[in-house]
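Read off the chains here:
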Amino acid sequence: MKDIYIASFCHNGILGGALYFDDEKVTYRTNKLTVAPEYRNLEMSFENMVDAKIGWLFVFPTVSLSFKNGTIHKFIVFSRKSFIDRLRGRGIIAS
């Protein structure tokens, strides 16, 4: 299965990067130096995720990940269906 998804983080603009799956978390990574350090390597554990919602930003497919602490991170995700299937496989309900 694919472990890397080309994605952009929707935070103070659109920040290009990628989402990486491993056994415990999804990590968003970007190499942009103008981005705050906490968003250059954003780790999001499966145990803290409560929901994933799909949507659109203009013509781009999005996924919004919700966490137990109330935080929501929105991403433009290419190959969104595959990404959502991976989340469902980890027990994250996507609507």
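You'll find the structure just up there.
Conventions adopted
- Residues numbered from 1 in each chain as written.
- Predicted model: local features only at pLDDT ≥ 70, side-chain atom pairs only at ≥ 80, totals over all residues.
- Heavy atoms only, no water.
- Core = buried A, V, L, I, M, F, W, Y, C linked by side-chain atoms within 4.5 Å.
- Buried < 20%, exposed > 50% of the residue type's maximum accessible area, 1.4 Å probe, protein only.
- Helix = DSSP H or I, 4+ residues; strand = E, 2+ residues; numbered from the N terminus.
- Contact = heavy atoms within 4.5 Å.
- Pairing = 2+ DSSP bridges.
- Axes fitted to C-alpha atoms, helices over the stretch in contact; angles between N-to-C directions.

(A) The nonpolar core, seen in detail. Leu19, Met44 and Leu87 are the most contacted members of the largest nonpolar core, which has 25 residues in total. Put simply, the parts of the chain that give this core at least two residues each are β1 (4-10), β2 (14-21), β3 (25-29), β4 (41-45), β5 (49-57), β6 (60-67), β7 (72-77) and α2 (80-89). Those residues in contact with Leu87 that lie beyond four places of it in its chain are Phe21, Val26, Phe46, Met49, Ala52, Leu65 and Ile92.

(B) Expanded view of the sheet that holds β4. Pairing is antiparallel in the open sheet, where 7 strands are placed in the order β4-β3-β2-β1-β7-β6-β5. Here the strands that pair on one side only, and so sit at the sheet edges, are β4 and β5. For this sheet, the mean inter-axis angle between neighbouring strands, taken without regard to orientation, is 30°. Bridge count between β1 and β7: 3 bridges; the pairing is antiparallel. If you follow Phe9 over to β7, its bridge partner there is Phe75.

(C) Region of interest: the pairing of β2. Pairing analysis gives 7 bridges linking β1 to β2, with the strands arranged antiparallel. Paired with Tyr5 across the bridge in β2 is Leu19. Remark: 3 residues form the turn of the hairpin made by β1 and β2, two consecutive strands paired antiparallel; Asn12 in that turn has positive phi of roughly 50°. Relative to β3, β2 runs antiparallel, the two being bridged by 4 bridges. Within β3, the position partnered with Leu19 by the bridge is Tyr28.

Coordinates in, geometry out; function isn't part of it.
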